[in-house]
Amino acid sequence: MLFLTTIKLVLRSLLVNKLRSVLSMLGIIIGVGAVIALLAVGAGAQQQVLAHVTALGSNLIMIMPGQPKSGGVRSGAVETLKPEDAESILSQVPEVLRMSPVARGNGQFKYYGNNKQSSIMGVTADYLQIRNFQIGKGRSFTAGEIERRAKVAILGADTATDLFGDSSPLGEKVKINGLQFAVVGVLKPKGTQGPFSFDDQALVPYTTAMHRLLGVKYLSEIDLQIAPDANQANVQAKLERVLRVRHEIPDGKDDDFHVRNMAEMVEAVTSVARTFSLLLGAVAAISLVVGGIGIMNIMLVTVTERTREIGIRKAIGADDRDILIQFLLESILMSALGGLIGISVGAAIAALSSVFSGFAAIVEPSSVLLALSFAVCVGVFFGFYPARRAAALDPIEALSYE
Amino acid sequence: MEAVIETSNLTKTFLLGDTVVRALDGVSLSVAKGEKVAITGPSGSGKSTLMNILGCLGRPDAGDYILAGEVVSRLSGRRLAQIRNRYIGFVFQTFNLLPRLSALENVELPLLYGGARDARQRARAALEIVGLSERMGHGPNQLSGGQRQRAAIARAIVTDPAILLADEPTGNLDTKTGQEIMALFDELNAQGRTVIMVTHDPEISAQCPRRIHLRDGRVAELMARESR
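The model shown is predicted, which means the values in this text are computed figures rather than measured ones.

**Student:** Looking at this structure, I do not really get the pattern of salt bridges. What am I missing?
**Tutor:** Pairing between side chains becomes possible if they bear opposite charge and their charged atoms approach one another. As enumerated under the stated definition, the model contains 27 salt bridges over all chains in all. Note that Arg139 of chain A is salt-bridged to Glu145 of chain A, the shortest N-O span being 2.6 Å. A salt bridge links Arg122 of chain B to Asp118 of chain B; the shortest N-O distance between them is 3.8 Å. Residue classification places Arg122 of chain B among the partly exposed residues on the basis of a relative accessible area of 31%. Its relative accessible area of 35% is what places Asp118 of chain B among the partly exposed residues. What you see here is one network of salt bridges that share partners, running through Arg104, Arg131, Glu221 and Asp223 of chain A.

Structure (structure tokens):
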């Protein structure tokens with residue numbers, strides 16, 4: 001009851017001194033607001049990258065020809081990977097569940113009057129599983145079609161719409177670089193990730209792509225899917241060995257290929273996120289301390305201003321602890337209110353940034369809770385000294401204070 | 001008559017710069033239940049100090065003070081606050097209502113500190129006794145001086161204390177309102193409440209059947225009740 005009355009009284013005095021209250025809460029508001037907004041943007045960015053990785057396939061390992069980029073320059077020959085490499089990896093590394101050679105290129109697509117430039121992906125049927133693609137309409141490739149370099153194509157969702165509009169492309173013939181291809185399937189849309197659209201491409205058998213469409217002898221990439229419980233580093237070491245043997249690379253010489261896995265990418269993103277959080281934590285700590293000092297300052301003023309009130313309260317029976325709790329409650333309420341305002345401001349900024357940046361900022365409940373509890377802690381910590389001063393006042397002196 | 005207040009040889013000294021001021025120099029007195037007493041004396045006579053000690057706001061350096069059968073002169077801190085809450089009702093010259101609370105909330109406050117359950121009800125009853133039930137929702141700045149003092153008196157009697165301790169209760173009021181407040185004190189006294197009034201106003205003290213006059217920290221003169 002006394003507690004409720006005290007809260008009511010504190011709220012009333014905060015309301016009477018609106019400007020003063022807001023100014024003293026400003027430090028907390030800015031600190032909490034900044035942290036909430038930045039954490040939300042960070043969480044949104046992380047979410048997006050992880051979604052991207054998941055879209056690629058979480059157990060995906062990619063083998064590229066040539067040495068890894070160093071200083072922006074890719075050295076070494078880029079014509080090193082052959083379909084046979086992919087087959088021997090599949091047969092010699094048991095953790096590899098699926099593989100698909102990839103021959104990538106660009107092509108001119110034509111269906112009657114409709115013309116369009118799109119990427120061509122020469123792959124196997126397993127490519128769909130490895131890369132998390134799903135057939136929306138029609139079917140995937142058969143082993144026979146890959147064997148005999150069949151002129152069949154699976155269109156990406158956007159490619160299909162661009163060429164065929166609303167009518168079904170299944171069974172129709174589309175011209176790719178002048179060759180007639182039968183459309184056997186259409187992919188389900190996957191969405192745009194970064195500059196590259198997964199929906200604007202066409203899949204054809206890799207044999208057809210290499211020998212009929214693009215005229216290349218080497219692969220642009222080999223995609224592998226490994227068992228979910230497999231150790232990525234182990235598998236990577238194994239397949240590097242297989243490739244070095246196949247490519248007859250003597251010890252001490254560099255690989256003529258490089259391997260990329262999703263675990264590394266996830267790791268990189270997570271570590272960036274962690275650094276980001278740490279930095280934010282430091283910013284938050286500083287601004288909360290500054291905000292806390294603001295609150296302490298105003299509480300000291302309040303205690304002085306209300307010396308007489310403290311005397312009255314003591315005269316009618318409040319003991320030191322009642323006074324301590326009252327002023328502590330006031331500073332806690334002020335910092336918590338500042339925290340709440342800061343959270344709303346931060347959330348508003350996050351929402352606004354979502355509109356402009358194009359990816360959703362996510363205000364996580366955990367960060368809201370964290371910010372609020374920190375704000376309350378600041379209230380307790382910086383409110384304690386003024387509250388103790390209030391509690392220690394001598395009632396006789398306090399009553400005669402003018 | 002049963003004594004509510006019993007003091008023996010109260011002394012209190014202050015240090016004012018280098019000089020030692022003996023504010024109270026062996027004050028022994030007793031007040032019976034239901035009495036109406038004025039404590040008078042010129043400024044510097046120690047009457048404020050005596051009032052502070054009687055009100056349990058401060059402690060004597062030496063001597064005993066028994067309030068409602070309890071030795072309070074040795075108590076400190078938390079216990080003393082409880083005594084103030086339970087046994088003493090203060091009425092001040094400047095009313096000392098909390099400005100942001102309504103009259104009702106001001107009257108409730110001692111009960112809240114005392115942990116009473118039916119605070120609102122009792123506060124209403126107290127306001128009714130002082131004749132302020134009409135305006136109990138108003139804040140102090142919406143009340144006249146007389147009404148403020150009535151609210152303050154309601155706050156003093158709401159815990160049903162052993163003594164009402166009034167410090168120049170009419171000092172900030174015009175004569176007519178002052179008389180009304182004095183009449184209210186008479187009424188409360190007639191209902192059996194013990195009233196102790198600290199004043200230097202002879203007109204006020206003249207209305208008290210018993211007067212205790214202080215001079216230089218000593219009781220100079222005790223007017224017997226018989227002289228009424």
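Further notes follow.
**Student:** Is there a simple way to explain the domain arrangement of chain A in this structure?
**Tutor:** The extent of an interface is frequently quoted as the accessible surface area lost upon association of the parts. Under the domain assignment used here, chain A contains domain 1 (2-52 + 268-399) and domain 2 (100-224). Between domain 1 of chain A and domain 2 of chain A, the C-alpha centre-to-centre distance is 57 Å.

**Student:** Honestly, the pairing of strand 3 (residues 36-40) of chain B in this entry has me stumped. Any pointers?
**Tutor:** The side chains of a regular strand alternate between both faces of the sheet. Residues and elements named next belong to chain B. A large share of strand 3 lies buried, amounting to five of its five residues. Residues Lys36, Ala38 and Thr40 of strand 3 are buried on one face, and the alternating residues Val37 and Ile39, pointing to the opposite face, are buried as well. Where strand 3 meets strand 8 (residues 194-198), four bridges bridge the pair, whose relative direction is parallel. Within strand 8, the residue paired with Ala38 across the bridge is Met197. Direction of pairing for strand 3 relative to strand 9 (residues 210-215): parallel, over a ladder of four bridges. Within the sheet, the bridge partner assigned to Val37 lies in strand 9 and is Arg210.

**Student:** Any chance you could explain the packing of aromatic side chains here in plain terms?
**Tutor:** Two aromatic rings are characterised by how far apart their centres lie and by the angle between their planes. Residue and element names in this part refer to chain A. Within the structure shown, the criterion is met by five aromatic pairs over all chains. Aromatic side chains Tyr111 and Tyr112 sit 4.8 Å apart centroid to centroid with 85° between the ring planes, which places their arrangement in the edge-to-face category. Tyr111 sits in the buried class, given a relative accessible area of 15%. Both rings, one in Tyr127 and one in Phe133, keep their centres 6.2 Å apart while their planes meet at 25°; by these two values the pair is stacked.

**Student:** Sorry, what's going on with the environment of Ala348 of chain A here?
**Tutor:** Residue and element names in this part refer to chain A. Within the element layout of this structure, Ala348 appears in helix 11 (residues 320-357). By relative accessible area, Ala348 is classed as partly exposed at 44%. Through-space distance from the C-alpha of Ala348 to that of Thr54 is 29 Å; in sequence the pair is 294 residues apart.

**Student:** I keep staring at the packing of helix 5 (residues 145-157) of chain B against helix 6 (residues 175-190) of chain B and nothing clicks. Help me out?
**Tutor:** When two helices pack together, their arrangement is captured by the angle between the axes and the distance separating the axes. Residue and element names in this part refer to chain B. Contact pair helix 5 / helix 6: the axes reach a minimum separation of 10 Å and the direction vectors enclose 20°. Regarding the angle of helix 5 to helix 6, the classification is roughly parallel. The crossing of helix 5 and helix 6 is right-handed. Packed against helix 5, whose contacting residues are Gly146, Gln149, Arg150, Ile153 and Ile157, the element helix 6 presents Thr177, Glu180, Ile181, Leu184, Phe185 and Leu188 at the interface. Residue composition of the contact of helix 5 with helix 6, grouped by class: six nonpolar, three polar and two charged.

**Student:** Hey, could you run me through the sheet that holds strand 2 (residues 19-32) of chain B in this one?
**Tutor:** Picture the strands of a sheet paired through backbone hydrogen bonds; they go either parallel or antiparallel. All names here are of chain B. Strand order in this open sheet of four strands is 2-1-4-5, and the pairing throughout is antiparallel. Here the strands that pair on one side only, and so sit at the sheet edges, are strand 2 and strand 5 (70-71). Against the sheet, helix 1 (residues 47-54) contacts strand 1 (3-16), strand 2 and strand 4 (62-67), and its axis sits at roughly 125° relative to strand 1.

**Student:** When you look at the interface of chain B and chain A in this model, what are you seeing that I'm missing?
**Tutor:** Across the contact, 22 residues belong to chain B and 24 residues belong to chain A. Summed over both partners, the interface of chain B with chain A buries about 2,300 Å², with 62% contributed by carbon and sulfur atoms. At the surface where chain B touches chain A, the tally comes to two salt bridges. Arg78 of chain B serves as the salt-bridge partner of Asp319 of chain A, at 2.3 Å between the closest nitrogen and oxygen. At the surface where chain B touches chain A, the tally comes to eight residue pairs in polar contact (both at pLDDT 80 or more). Of all elements in the fold, only helix 2 (77-87) and helix 3 (103-114) of chain B reach the threshold of two or more residues within the side of chain B that touches chain A. Considered class by class, the residues forming the side of chain B that touches chain A number 11 nonpolar, six polar and five charged.

Definitions and cut-offs
- Residues numbered from 1 in each chain as written.
- Chains lettered and ligands numbered in written order.
- Predicted model: local features only at pLDDT ≥ 70, side-chain atom pairs only at ≥ 80, totals over all residues.
- Heavy atoms only, no water.
- Salt bridge = Lys/Arg side-chain N within 4 Å of Asp/Glu carboxyl O.
- Buried < 20%, exposed > 50% of the residue type's maximum accessible area, 1.4 Å probe, protein only.
- Domains from an automatic or database assignment.
- Helix = DSSP H or I, 4+ residues; strand = E, 2+ residues; numbered from the N terminus.
- Pairing = 2+ DSSP bridges.
- Phe/Tyr/Trp six-rings, centres within 6.5 Å; stacked < 30°, edge-to-face > 60°.
- Axes fitted to C-alpha atoms, helices over the stretch in contact; angles between N-to-C directions.
- Parallel < 35°, antiparallel > 145°, perpendicular 65-115°, else oblique.
- Left-handed = near helix turned anticlockwise from the far one by under 90°.
- Contact = heavy atoms within 4.5 Å.
- Nonpolar A, V, L, I, M, F, W, Y, C, P; charged D, E, K, R; others polar.
- Buried area = accessible area lost by both parts, 1.4 Å probe.
- Polar contact = N/O pair within 3.5 Å; in protein donor to acceptor, adjacent residues only side chain to side chain.

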